[in-house]
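A closer look at the structure
Take a look at the letters that make up each chain.
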Amino acid sequence: MPKKTVRYHAEIIQAMTLGVGDSSLDPDDPDYAWRMLSEGDSWFTIGAIPSSNLLYELRLKKPTIVLNLGYPGDTIANISQLSGNTEFTRRLVHPNWASDWTALLLSGGGNDLIDQASDIIRATPTGTGKKAADYVNADRLAAFKQGVQAGYRAIVALRDSAGSPNQGKPIIVHTYDYPTPRPAPATFLIVPITKPWMHPIFERYQVPKSLRAKVAGILLDTLAEALLELGKELPAFHVVDTRNTLVRADIDAKGNSGDWLNEIHPNGDGYRKIAAKLAAKLHKVL
């Protein structure tokens, strides 16, 4: 009979503001074959309660520990502001704090896109207003793309800076998937704890409901293109194109729909689908 492949759950150390959340776990523990440093947004932390996240759903061939510095709402602009992101900087390059990481996992760009969506989407469409592109400010979308790429370039430059013990270590990023602008906030026991992220902007600018998914697709595709271009440009920078992995949510759904728990976060099944692609890339790279 063929030998069954063992898959390990990654052990996660969730870093807190003033230290490390679980002192019983050590990223330098020799019992772990792979050690990973992660930084990013709610896809690496939590999207809603109850929920999962992308890191928790990783199933890997070797025992793995992940020091996770991410937090909900983080942007690649914040992560790459290295003077302010001292924990990430010292865990990656400081000789007294950095570990010998096997790889870096990054989840960033999604919140940057949401934060800038009100500037990118046109209040008054160009053209006839019958096409999704009519509702997108192409210049501002291009500026967003350049900003995301600049942020990731800064992180790669930090990794490869003089004296860094992690020069050339592989960085793995993902391209998210297509959200549906809809009135579906994050909830706790069915009680909303946030407002929807994209839906109010589409309502304010009166984007026709029939075009909203396509407009969101233009924004998400631009983010994905920004990352895929960096994958061809930057050394040891690996992009997992996770678009078209999830079943898209219904535009009128106010809660769990398709593979989405709310407007911008997958549910458990969705995260498992994305995590399988992330794990496949890690196995190939490592």
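In this text the structure is predicted, and so the values were computed from the model without any measurement. (Residues numbered from 1 in each chain as written. Predicted model: local features only at pLDDT ≥ 70, side-chain atom pairs only at ≥ 80, totals over all residues. Heavy atoms only, no water.)

1. Considering the packing of aromatic side chains
- Across all of its chains, the model carries 4 aromatic pairs by this definition.
- Ring centres 5.7 Å apart and planes at 85° place the aromatic pair Trp43 and Tyr271 in the edge-to-face group. On the criterion of sequence distance, the pair formed by Trp43 in the loop between strand E4 (34-40) and strand E5 (59-60) and Tyr271 in helix H7 (residues 268-285) is long-range, its members being 228 residues apart. In terms of burial, Trp43 and Tyr271 fall into one category: buried.
- Three or more aromatic residues joined by ring pairs make a cluster, and in this case those are Trp43, Tyr176, Trp260 and Tyr271.
- Sitting above the plane of the Trp97 ring, Arg90 keeps its charged end 3.8 Å from the centroid.
- One cation-aromatic arrangement involves Arg204 over Tyr205; the distance from NZ or CZ to the ring centre is 5.4 Å. (Phe/Tyr/Trp six-rings, centres within 6.5 Å; stacked < 30°, edge-to-face > 60°. Helix = DSSP H or I, 4+ residues; strand = E, 2+ residues; numbered from the N terminus. Buried < 20%, exposed > 50% of the residue type's maximum accessible area, 1.4 Å probe, protein only. Lys NZ or Arg CZ within 6 Å of the ring centre and 35° of its normal.)

2. Focus on empty space enclosed by the protein
- Applying the stated criterion across every chain, the model contains 1 cavity of 30 Å³ or more.
- Approximately 180 Å³ is the volume found for the largest cavity.
- Considering the residues around the largest cavity, the lining is formed by 17 residues, among which Gly110, Ile114, Tyr176, Pro179 and Ile264 are closest to the centre.
- Only helix H3 (110-120) and helix H6 (209-233) provide two or more residues apiece to the lining of the largest cavity. (1 Å grid on protein atoms, 1.4 Å probe; cavity = no way out; pocket = protein on both sides within 12 Å on 5 of 7 lines; lining within 4 Å. Points joined across faces, edges and corners; volume = space filled by probe spheres on them.)

3. A short note on the side chain of Thr222
- With respect to the helices and strands, Thr222 occurs in helix H6.
- On the accessibility criterion, Thr222 (9% relative accessible area) is buried.
- Once you skip the residues sitting within four places of it in the chain, Thr222 turns out to touch Leu141 and Lys145. (Contact = heavy atoms within 4.5 Å.)

4. Brief notes about the packing of H3 against helix H4 (residues 138-159)
- Between H3 and H4, the least distance of the axes is 10 Å, while the angle of their chain directions is 160°. With respect to each other, H3 and H4 are oriented roughly antiparallel. Relative to H4, H3 is oriented so that their crossing is right-handed. Contacts between H3 and H4 pair Asp112, Leu113, Gln116, Asp119 and Ile120 from the former with Arg140, Leu141, Phe144 and Val148 from the latter.
- Classifying every residue of the contact of H3 with H4 by side-chain character gives 5 nonpolar, 1 polar and 3 charged. (Axes fitted to C-alpha atoms, helices over the stretch in contact; angles between N-to-C directions. Parallel < 35°, antiparallel > 145°, perpendicular 65-115°, else oblique. Left-handed = near helix turned anticlockwise from the far one by under 90°. Nonpolar A, V, L, I, M, F, W, Y, C, P; charged D, E, K, R; others polar.)

5. Things to note about the nonpolar core
- Counting 76 residues, the largest nonpolar core has Phe88, Tyr152 and Phe237 as the members making the most contacts within it.
- Ranked by residues supplied to this core, first place goes to H6 with 8 residues.
- Ignoring anything within four residues of it in the chain, the contact list for Phe88 reads Leu37, Glu39, Leu69, Ile79, Leu104, Leu106, Ile155 and Leu158. (Core = buried A, V, L, I, M, F, W, Y, C linked by side-chain atoms within 4.5 Å.)

6. Quick word on the pattern of salt bridges
- Inspection of every chain in the model, using the stated rule, returns 14 salt bridges.
- Of the charged contacts in the structure, one is a salt bridge between Glu57 and Arg59, with a shortest N-O distance of 3.5 Å.
- Note on Glu57: relative accessible area 10%, which makes it buried.
- In this structure, the salt-bridge partner of Asp221 is Arg243, at a minimum N-O distance of 2.9 Å. One end of the pair, Asp221, is in helix H6; the other, Arg243, is in the loop between strand E11 (237-240) and H7, and 22 residues separate them in sequence.
- Classification of Arg243 as buried rests on a relative accessible area of 18%.
- Put simply, Glu57, Arg59, Asp269 and Arg272 are held in one network by salt bridges that share partners. (Salt bridge = Lys/Arg side-chain N within 4 Å of Asp/Glu carboxyl O.)

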